[in-house]
Amino acid sequence: AKQTGRNKLVTYQPTSLKHRFANQIQMETDLRKAITHNQLLLYYQPRLELSTDRIICLEALVRWNHPQFGMIPPTDFISLAEESGLILPLGEWVLREACLQKARWLAEDKLDYQIAVNISPCQFQDEAFADKAIQIIEQTGINPAYLEFEITESSIMQNMEKTVAVLEKLCAKGISISIDDFGIGYSSLNYLKEFPIHCLKIDRSFVKNIQSNSNDWAITHAIIHLGHALNIQVVAEGVEEIGQLDILKETTCTTIQGFLLSPPISAQEIELTFHEKTYIEAIHG
Ligand code: C2E
Ligand code: MG
Ligand code: MG
Ligand code: MG
């Protein structure tokens with residue numbers, strides 16, 4: 001259930017957490033509280049452009065710091081949030097916090113990167129989504145061009161007509177759109193010519209065995225070249241080893257994310273580690 005949680009609504013079956021929360025109702029009550037009681041926080045994972053050796057984007061990834069249970073990863077609560085409808089206030093909190101963090105960095109004139117925010121299909125299907133998102137961004141005063149929304153193929157495929165309208169509204173404001181977990185959803189390629197898409201994020205399941213599995217390599221290669229041909233940025237997700245990076249470079253991949261460069265870390269750690277002059281050391285040792 002956890003793996004598909006972002007793509008469709010499934011019955012929530014907590015595994016690692018089930019012994020801690022008395023039941024699902026309790027967890028939902030706690031999560032509702034978490035949103036208003038300052039228990040959520042954002043970690044950030046850098047995206048590196050290989051041709052320039054520069055960070056170009058930070059992906060915001062939510063965590064729940066539970067007063068008793070400590071840090072809970074999103075894979076343990078996003079499905080519950082989607083099922084209970086809490087994903088709407090949670091998603092708004094994430095977007096606002098990402099914008100406020102960007103505003104702080106702008107005010108301090110540092111870390112001049114885009115911020116990528118994950119958008120659940122449940123948020124994307126909400127009638128008010130685009131207007132609400134734009135309102136939040138405007139309230140924080142940052143230029144929407146600093147933002148990228150990561151959506152999944154399933155978000156797009158739900159209702160093509162509505163999707164065009166929503167994406168055009170967001171793009172008109174200057175927000176970039178990326179397709180997260182590209183390649184694992186069930187979808188047609190047709191939308192790539194219909195919709196304003198800026199970036200494809202190759203799912204890390206393809207990158208994982210790129211060195212040993214020729215099919216994984218072939219698919220990754222095809223996505224990278226599709227991106228070049230369509231003039232769309234392509235990011236390889238989940239790069240953990242230098243061997244994977246070498247092959248991705250050979251395959252003319254332009255941008256990467258993954259533990260090799262950095263796992264998601266707090267805003268404070270980002271400031272310490274990814275100041276312009278230090279981040280290259282992070283990957284070149
Ligand atoms: P995602 O958007 O595909 O994010 C990438 C996930 O892969 C992150 O897990 C990240 O920590 C992990 N990752 C990055 N590099 C590597 C690597 O080299 N190796 C491995 N093994 N993993 C890597 P995380 O932070 O636990 O998030 C999991 C998923 O939860 C995200 O997948 C996204 O679908 C969802 N999520 C996270 N934050 C949010 C949010 O604010 N809103 C929504 N709607 N979903 C979110
Ligand atoms: Mg993502
Ligand atoms: Mg992804
Ligand atoms: Mg993923």
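Structural data are supplied above this passage.
What counts, and where the lines are drawn
Residues numbered from 1 in each chain as written. Chains lettered and ligands numbered in written order. Predicted model: local features only at pLDDT ≥ 70, side-chain atom pairs only at ≥ 80, totals over all residues. Heavy atoms only, no water. Helix = DSSP H or I, 4+ residues; strand = E, 2+ residues; numbered from the N terminus. Contact = heavy atoms within 4.5 Å. Areas by Shrake-Rupley, 256 points an atom, 1.4 Å probe, with all protein chains shown as cover. Axes fitted to C-alpha atoms, helices over the stretch in contact; angles between N-to-C directions. Parallel < 35°, antiparallel > 145°, perpendicular 65-115°, else oblique. Left-handed = near helix turned anticlockwise from the far one by under 90°. Nonpolar A, V, L, I, M, F, W, Y, C, P; charged D, E, K, R; others polar. Salt bridge = Lys/Arg side-chain N within 4 Å of Asp/Glu carboxyl O. Buried < 20%, exposed > 50% of the residue type's maximum accessible area, 1.4 Å probe, protein only. Polar contact = N/O pair within 3.5 Å; in protein donor to acceptor, adjacent residues only side chain to side chain. Donors = N, O, S within 2.8 Å, 3.2 Å for Na, K, Ca; no water. Pairing = 2+ DSSP bridges. Phe/Tyr/Trp six-rings, centres within 6.5 Å; stacked < 30°, edge-to-face > 60°.

Student: Quick question: what am I supposed to make of the overall build of the chain here?
Tutor: Each helix and strand in the chain was counted, giving 13 helices and 10 strands. Within the chain, contacts between residues at least 6 apart in sequence are counted, and of these 67% link residues at least 24 apart. Accessible surface for the chain amounts to roughly 13,400 Å². Of this, 50% is attributable to carbon and sulfur atoms.

Student: It is not clear to me how the packing of helix α3 (residues 87-107) against helix α5 (residues 129-140) should be interpreted in this structure. Could you clarify?
Tutor: The geometry of a pair of packed helices is captured by two quantities: the angle between their axes and the separation between those axes. Across the interface, α3 lies against α5 with an axial gap of 9 Å and an inter-helix angle of 30 degrees. Comparing the axis directions of α3 and α5 gives the class roughly parallel. Judged by the twist between their axes, the crossing of α3 over α5 is right-handed. Here E92, L95, R96, C99, L100 and A103 of α3 lie close against α5, whose contacting residues are K132, A133, I136, I137, Q139 and T140. Per-class residue counts for the contact of α3 with α5 are 7 nonpolar, 2 polar and 3 charged.

Student: Sorry if this is basic, but what is going on with the pattern of salt bridges here?
Tutor: One pass over the full model with this rule turns up 13 salt bridges. Two residues, E28 and R32, come together in a salt bridge whose shortest N-O distance is 3.3 Å. Separated by 4 residues within a single helix, E28 and R32 lie in helix α1 (residues 24-36), roughly one turn from each other. A salt bridge links R47 to E150; its shortest N-O distance comes to 3.5 Å. A residue pair is termed long-range when its members are at least 10 positions apart, and R47 in strand β1 (residues 40-49) and E150 in strand β5 (residues 147-152) qualify at 103 residues. Residue classification places E150 among the buried residues on the basis of a relative accessible area of 0%.

Student: Would you explain the environment of K208 in this entry?
Tutor: Here K208 shows up in helix α9 (residues 204-208). Between the C-alpha atoms of K208 and Q24, which are 184 residues apart in sequence, the distance is 33 Å.

Student: Which parts of the structure should I look at to understand the side chain of T152?
Tutor: Mapped onto the fold, T152 is located in strand β5. Within polar-contact distance, the side chain of T152 engages the side chain of S154 at 3.0 Å.

Student: How should the side chain of S176 be read in this particular structure?
Tutor: With respect to the secondary-structure elements, S176 resides in strand β6 (residues 176-182). Judged by its relative accessible area of 12%, S176 falls in the buried class. For S176, the residues in contact, after removing those within four places along its chain, are Q114, L147, E148, F149 and H198.

Student: Please clarify how the coordination of the magnesium ion (ligand 2) should be interpreted in this entry.
Tutor: Each donor-metal-donor angle would ideally measure 109.5 degrees in four-coordinate tetrahedral geometry, or 90 or 180 degrees in six-coordinate octahedral geometry. Taken together, the protein ligands of the magnesium ion (ligand 2) are E59 (OE), N118 (OD1), E150 (OE) and D180 (OD), with distances of 2.0 to 2.3 Å. Read in sequence order, the donor residues coordinating the magnesium ion (ligand 2) give the pattern E-x58-N-x31-E-x29-D. Between the two metals, the magnesium ion (ligand 2) and the magnesium ion (ligand 3), the spacing is 4.0 Å, and D180 donates to both. Note that N118 is positioned in strand β4 (residues 114-118) and E150 in strand β5, a separation of 32 residues in sequence.

Student: What am I meant to see in the pairing of β4 here?
Tutor: Both faces of the sheet carry side chains from a regular strand, because those side chains alternate between them. Across the 5 residues that make up β4, a large majority, 4, are buried. The sheet contact formed by strand β2 (residues 54-66) and β4 spans 4 bridges and is parallel. Its bridge partner being in β4, C57 is matched across the sheet by Q114.

Student: Can you walk me through the packing of aromatic side chains in this structure?
Tutor: Summed over all chains, the structure comprises 7 aromatic pairs. Ring geometry for Y44 and W105: centres 5.5 Å apart, planes at 65 degrees, overall edge-to-face. On the criterion of sequence distance, the pair formed by Y44 in strand β1 and W105 in helix α3 is long-range, its members being 61 residues apart. Judged on exposure class, the residue Y44 and its partner W105 are both buried.

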